Amino acid sequence: MRKLFQYAALALTFALSASCAHKPEAPKERKSIIVIHNLSHQHVSFYQFMAAIEDAFPDTSAYKIDYAAVTEAYHPWPDEDFSGLLMQKLDIIQKKWDIDMLVLYSDQVLHAAARCHHPLLDSLPVVFMGATWPEHEGLLENRKNFTGYRTPLGIKPALDLMRDMGCNPWTIVNLDSTYLDRYLREEIASQLGDTSLYVTNLDYSAADHFIPDEERDHSKSTIIPVQLRCSSASGFDATKMLNCSESGCSYLKIKDDRAGITSVSNPVGIFYSVTPERFNLSHHSAFNACAGGCFVPFGVMIPEVRTMIDEILVEGKRPEDIPWRTMEPDIWLDWKILKNDFSFGSKLPRYAHVVNLPWKERNLVNSIISDYWIGILTLMVFICLMSVALYLFLANQARSRDLIGEGQAAEKMTVHMEEALAAANCHFFRIRRTGSILFDESFRELCGTTPVPANAEQFAEMLSPEKRMEFLDIITDNELMGTVRSLHFDFLGHHFNAKIVSNHGSGQADKAYGILFNMDTYHQIERQKNEAFKIEEQSTMKRAFLASMGHEIRTPLNAILGYSRLLFDMYDDLENEEKSTYSEVIRQNSEQLLSLIDNVLTFSSKEGREPDIVLSRKKVSDLLDEIYMTYRVIVPAHLQFILEKGNEDEYVMVNRGSMLQVLSNIMNNAVKFTAEGSITLGWRNEGDDVVIYVKDTGCGIPEESLGSIFEKYSKVRASTEGAGIGLALCKRLVDKMKGRIRVSSTLGSGSCFQVIFKRVAPEIN
């Protein structure tokens, strides 16, 4: 029995040990924190403050954050002390929550808490932030459970920033007579002690009067204090003073009490601040918005405070063992507010932190890549094609130069050979009076196995009929005695130039003699030279055609870039119909661009011959609507672009791509030479003709230049951009489409280009 009890006790011990070993760990205790602030729940800056706290405390299992507001909205103006309001709020907190720490925001809340002796303030750890003067009247000397962060005011750096941003150096600030304002006056006086750069002007009291802007000293940053608390009693029109657009001043927010809130409710325009409230808001009014300043934003302040809270609540440190810390303010700017005045973020001061700055706005390169990526891709494809064409052109040109050089060298060599009667490649012969003909050994070697003719008549029989007669005349005509005659002929597949001297009646044994110059090499070089000239001519034709294509390819490329940017920048604001219209324009111009590139490839494959133009029946209104939609984004905004419509049912026989090239060239010239006024695109009837016209109010064309305006490389002004091939291309394309093109112009008043085609009947379904 005793052993039975021992075994039972042992089993129970093992069971208890096992249960203890597998006992789950107790859940971690969640700390409760109350944040007491003076921000109004009616303003978005409170929700920004709350969002920063939630971002800094994402783990809700570790901390529970609640908020308690002691706002100044309870009083018409800030009091010296609203400790009573804070006591009431703390009573409510004590009844409602079981808390582990108090966090205080702003000087007003901290100073009120320092005067209170509520049980929560005496027993709990208290961390303060956003306080500029925590040492106020020595109230915290005996509050050992208080610690936190001091944030100096950056008034001087804010004024320097405003000057760098181009703001008016006469700056309005709000200064009243509360105890905080007394500290602010001391801060201004201490920070702006350099009188060569700053004017503190703290005793400014001119009622409803400003020095005109042209009479101000703009070499110094001048403070203009405006008092709202007693302005009505003194007859001081503070509202007019705070209308910065009318007064020509800038505004610097140096506090966020009731008076500060009232100040920025006036039309102060874009202002700067030394406190984080109202910076980087999700929205702002049309007449006031904080562009930045010198301060510690909530998003920087709260994570720093989180480290001190962890030291106390997690690591177990006592507040009295943690000395006050300082958060140095820095320069911050909001791109959302400043983007209308600066082209890119790189224009802003380098020492500033910029919020809401998109990647595309950081510099010009990012903007171009973001806005024109479709165009850049298209341009890269085009550059690759043009590079291949340029390589082929340069290779042909180099080969042509080599062949031409060889031909010139060979020609010089031939001349020297003839003049010097070089023995190499020359064959001597003589004709006896008996009629026999004798050749030297080198000629017999040249003939090889072919029998060498034994007399002059046999030799003549081996020549062509006309050369045979000329040869016989030379050796038989007595009047040619002693003269040297030349004869070019082919013999046994070789080319010869014979220099023959007749020797009739001189009593000599020879009737004639001469030298045969073998011209095979010369003829070969001549063929090479002709081939080189032919290659050069083909290269010239390719160069002219590719130059024409390059001139025409810019128009669809510009349209693609323009409408792509509209879709990219305004996609969410466009109606579906507008999106479809813009997309259709991009598609049409993309097809036009591909057609032009295909022409380049076709042209290259056909060794310089231009592609054939196929005509088809086209509706005039469709062609001009397509051109009008393309140039809506190309014509500068300061020019009026007009579409004058004629009969909607007019048809002409044209090639669509060629017609668009013609009208694009004319439109490009109208845009290039029209500085102001309008450009008009339209069509009308003239008998059996349809006249399509482009009118502009540009610089016009001199009368003496009208006759040559459609010639290749013709330019009215030598300094004008372009190669002078656009209108020549128009003339050639219109001629191929069996149309006419004409121009009328008045120098200084504008020009009118007209393209005329015969009207055709619509296609019958």
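Attention here is on the structure that accompanies the text. Numbering of residues starts from 1 in each chain and follows the order in which that chain's sequence is written. For this predicted model, a pLDDT threshold of at least 70 governs which residues receive local features, and a threshold of 80 or more governs which side-chain atom pairs are given and counted, while totals over whole chains, interfaces and linings are taken from all residues. Only hydrogens and water are removed before side-chain values are computed, so all heavy atoms of the structure are retained for them.

For the purposes of this entry, the term helix denotes a DSSP run of H or I that reaches at least four residues, the term strand denotes a run of E that reaches at least two, and both are numbered from the N terminus. Helix and strand content of the protein chain: 22 helices and 26 strands. Counting all 765 residues of the protein chain, 47% fall into the buried class. For the protein chain, contacts bridging at least 24 residues in sequence account for 65% of all contacts bridging at least 6. By element, 54% of the accessible surface of the protein chain is carried by carbon and sulfur atoms, the whole surface being about 39200 Å². Type-normalised accessible area, obtained with a 1.4 Å probe on protein chains alone, sets the label of each residue: buried when under 20%, exposed when over 50%, and partly exposed for intermediate values. Every residue pair with non-hydrogen atoms within 4.5 Å of one another is taken to be in contact. With residues, only the protein chains shown are counted as cover, and all accessible areas are computed by Shrake-Rupley using a 1.4 Å probe.

A side-chain nitrogen of Lys or Arg and a carboxyl oxygen of Asp or Glu constitute a salt bridge if their distance falls within 4 Å. In total, this model carries 21 salt bridges according to the counting rule given. A salt bridge links R325 to E311; the nearest nitrogen and oxygen atoms lie 3.0 Å apart. Of the two residues, R325 sits in strand β12 (residues 325-326) while E311 sits in helix α11 (residues 298-313), which places them 14 residues apart along the sequence. One salt bridge in this structure joins D735 and K731, with 2.8 Å as the shortest N-O distance. Of the two residues, D735 and K731 are both situated in helix α22 (residues 726-736); the distance of four residues between them amounts to about one turn of the helix. Given the relative accessible area of 39%, D735 is considered partly exposed.

This paragraph deals with the packing of aromatic side chains. Working definition: a ring pair exists when centres of Phe, Tyr or Trp rings (six-membered ring for Trp) sit within 6.5 Å. Plane angles under 30 degrees give stacked, over 60 give edge-to-face, the rest tilted. Across all of its chains, the model carries twelve aromatic pairs by this definition. Ring geometry for F57 against Y63: centres 5.3 Å apart, planes inclined by 80 degrees, an arrangement best described as edge-to-face. Like F57, the residue Y63 is buried in the burial classification. Within the aromatic cluster, the residues linked to one another by ring pairs are F46, Y47 and Y67. The ring of Y179 carries R115 above its face, with NZ or CZ at 5.9 Å from the centroid. Lysine NZ or arginine CZ positioned within 6 Å of the ring centre and within 35 degrees of the ring normal marks a charge as sitting over the ring.

As a further point, take helix α6 (residues 155-164). Of the residues making up α6, those classed as buried are I155, A158, L159, L161 and M162. Here the buried residues of α6 occupy an arc of 160 degrees about the axis, which is enough to place them on one side. What the arc covers is the set of directions going from the helix axis to the C-beta atoms.

With that out of the way, let us pick up the environment of D520. Looking at the element boundaries, D520 is found in helix α18 (residues 520-570). In the structure, D520 is positioned 23 residues away from N497 in sequence and 9.9 Å away in space, judged by C-alpha atoms. Not counting residues within four places of it along the chain, the set of residues in contact with D520 comprises H494 and H495.

Our focus in this paragraph is the nonpolar core. Residue types Ala, Val, Leu, Ile, Met, Phe, Trp, Tyr and Cys, when buried and joined through side-chain atoms within 4.5 Å, form a set referred to as a nonpolar core. One finds M659 and I679 to be the most contacted residues of the largest nonpolar core, which totals 40 residues. Among the secondary structure elements, those contributing two or more residues to this core are α20 (620-631), β22 (651-654), α21 (656-672), β23 (678-686), β24 (689-696), α22, β25 (740-746) and β26 (750-760). No other element matches α21, which puts eight residues into this core. Of all hydrophobic cores here, the second largest spans 35 residues; its members include I155, M165, L348 and L357.

Take helix α3 (residues 83-96) next. Taking 1.5 Å of rise per residue, the 14 residues of α3 would be expected to cover 20 Å, and the 20 Å separating its terminal C-alpha atoms lies within 8% of that figure. Considered for burial, the residues of α3 that qualify are S83, L85, L86, L90 and I93. Axial view of α3: buried residues confined to an arc of 150 degrees, hence all on one face. More than 90 degrees from the buried face of α3, the exposed residues found are Q88, K95 and K96. Buried-residue contacts for α3 involve β1 (31-37), β2 (63-69), β3 (101-105), α4 (107-115) and α5 (119-123). To estimate the expected span of a helix, count its residues, drop one, and scale the result by 1.5 Å.

A residue counts toward a patch only above 30% relative accessible area and without a salt bridge, and it is joined to like-charged neighbours within 9 Å or, for Val, Leu, Ile, Met, Phe, Trp and Tyr, to nonpolar neighbours within 5 Å. Taken together, the side chains of V388, Y391 and L392 make up a nonpolar region of the molecular surface, amounting to roughly 330 Å² of accessible area. If you trace the backbone, Y391 turns up in helix α14 (residues 373-420). Take Y391: its relative accessible area is 62%, and that puts it in the exposed class.

Right, let's get into the packing of α20 against α21. Between α20 and α21, whose axes approach to 11 Å, the crossing angle comes to 45 degrees. When the axis of α20 is compared with that of α21, the two are oblique. Crossing hand, α20 versus α21: right-handed. Residues L623, L624, E626, I627 and Y631 of α20 pack against R656, M659, L660, L663, S664, M667 and N668 of α21. Residue classes in the contact of α20 with α21 are distributed as eight nonpolar, two polar and two charged. What counts as an axis is a line fitted to C-alpha atoms, over the stretch in contact for a helix, and the angles between N-to-C directions run from 0 to 180 degrees. An angle below 35 degrees is read as roughly parallel, one above 145 as roughly antiparallel, one from 65 to 115 as roughly perpendicular, and any other as oblique. Should the near helix be turned anticlockwise from the far one by less than a right angle, the crossing is left-handed, and should it be turned clockwise, the crossing is right-handed. Side-chain classes are defined by residue name, with Ala, Val, Leu, Ile, Met, Phe, Trp, Tyr, Cys and Pro counting as nonpolar, Asp, Glu, Lys and Arg as charged, and the others, Gly among them, as polar.

At least two bridges found by DSSP between two strands is the condition for calling them paired. Taking strand neighbours across the sheet as the criterion, the eight strands line up as β7-β8-β6-β9-β10-β11-β13-β14 in an open arrangement whose pairing is mixed. This sheet does not close on itself; its edge strands, each paired only once, are β7 (198-199) and β14 (353-355). Here strand β6 (residues 170-174) runs beside strand β9 (residues 250-253); their pairing, made up of two bridges, is parallel. Of the residues in β9, the one forming a bridge with I172 is Y251.

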